[in-house]
Amino acid sequence: PLREVRESYAQETPWFVFAPYEMLCKFLDVAFAGRPIQRFWFLETVARVPYFSYISMLHLFETLGWWRGEQQVRNIHFAQEWNELH
């Protein structure tokens, strides 16, 4: 079933997006062969980069006082932080 899903995405994805993805998958298979924990740790770290960038910029805006108003956005930010900590 997983191969079928993967093949269906391959048909819908342009080659210039799919080719680097496949190369990266092959590289990870070779680099982390027989080391599933290290592979998971690497992928988990990479997956967190956009989140940490987003949170870092929100903290910068709050610290510099550039974030005024927008109470709804502040509530969402607080909920995100609460979720991360608990």
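Residues numbered from 1 in each chain as written. Predicted model: local features only at pLDDT ≥ 70, side-chain atom pairs only at ≥ 80, totals over all residues. Heavy atoms only, no water.

## Observations concerning the packing of aromatic side chains
Alright, step 1. Per the stated rule, a full pass over the model turns up four aromatic pairs.
Alright, step 2. With a centroid separation of 6.1 Å and 40 degrees between ring planes, the pair formed by F18 and Y21 is classed as tilted. Linking F18 with Y21, this pair stays in helix α2 (residues 15-31), spanning three residues, or about one helical turn.
Alright, step 3. Residue F18 is classed as partly exposed on the basis of its relative accessible area of 21%.
Alright, step 4. Arranged with centres 5.5 Å apart and planes meeting at 35 degrees, the rings of F32 and F42 form a pair that is tilted. (Phe/Tyr/Trp six-rings, centres within 6.5 Å; stacked < 30°, edge-to-face > 60°. Helix = DSSP H or I, 4+ residues; strand = E, 2+ residues; numbered from the N terminus. Buried < 20%, exposed > 50% of the residue type's maximum accessible area, 1.4 Å probe, protein only.)

## A short note on a nonpolar patch on the surface
Alright, step 1. Side chains of M57, L60, F61, L64 and W66 sit close together on the surface and give an oily, nonpolar patch of about 500 Å² of accessible area.
Alright, step 2. Position of W66 relative to the elements: it lies in the loop between α3 (36-64) and α4 (71-85). (Patch = residues over 30% accessible without salt bridge, like charges linked within 9 Å, V, L, I, M, F, W, Y side chains within 5 Å. Areas by Shrake-Rupley, 256 points an atom, 1.4 Å probe, with all protein chains shown as cover. Salt bridge = Lys/Arg side-chain N within 4 Å of Asp/Glu carboxyl O.)

## A word on the pattern of salt bridges
Alright, step 1. Summed over the entire model, instances satisfying the criterion amount to two salt bridges.
Alright, step 2. A salt bridge links D29 to R39, with the nearest nitrogen and oxygen atoms 2.9 Å apart. Of the two residues, D29 sits in helix α2 while R39 sits in helix α3, which places them 10 residues apart along the sequence.
Alright, step 3. D29 gets classed as partly exposed once you look at its relative accessible area, which sits at 41%.
Alright, step 4. Note that R48 is salt-bridged to E44, the shortest N-O span being 3.3 Å. With a gap of four residues between them, R48 and E44 both fall in helix α3, about one helical turn apart.

That is the geometry; function is a separate question.
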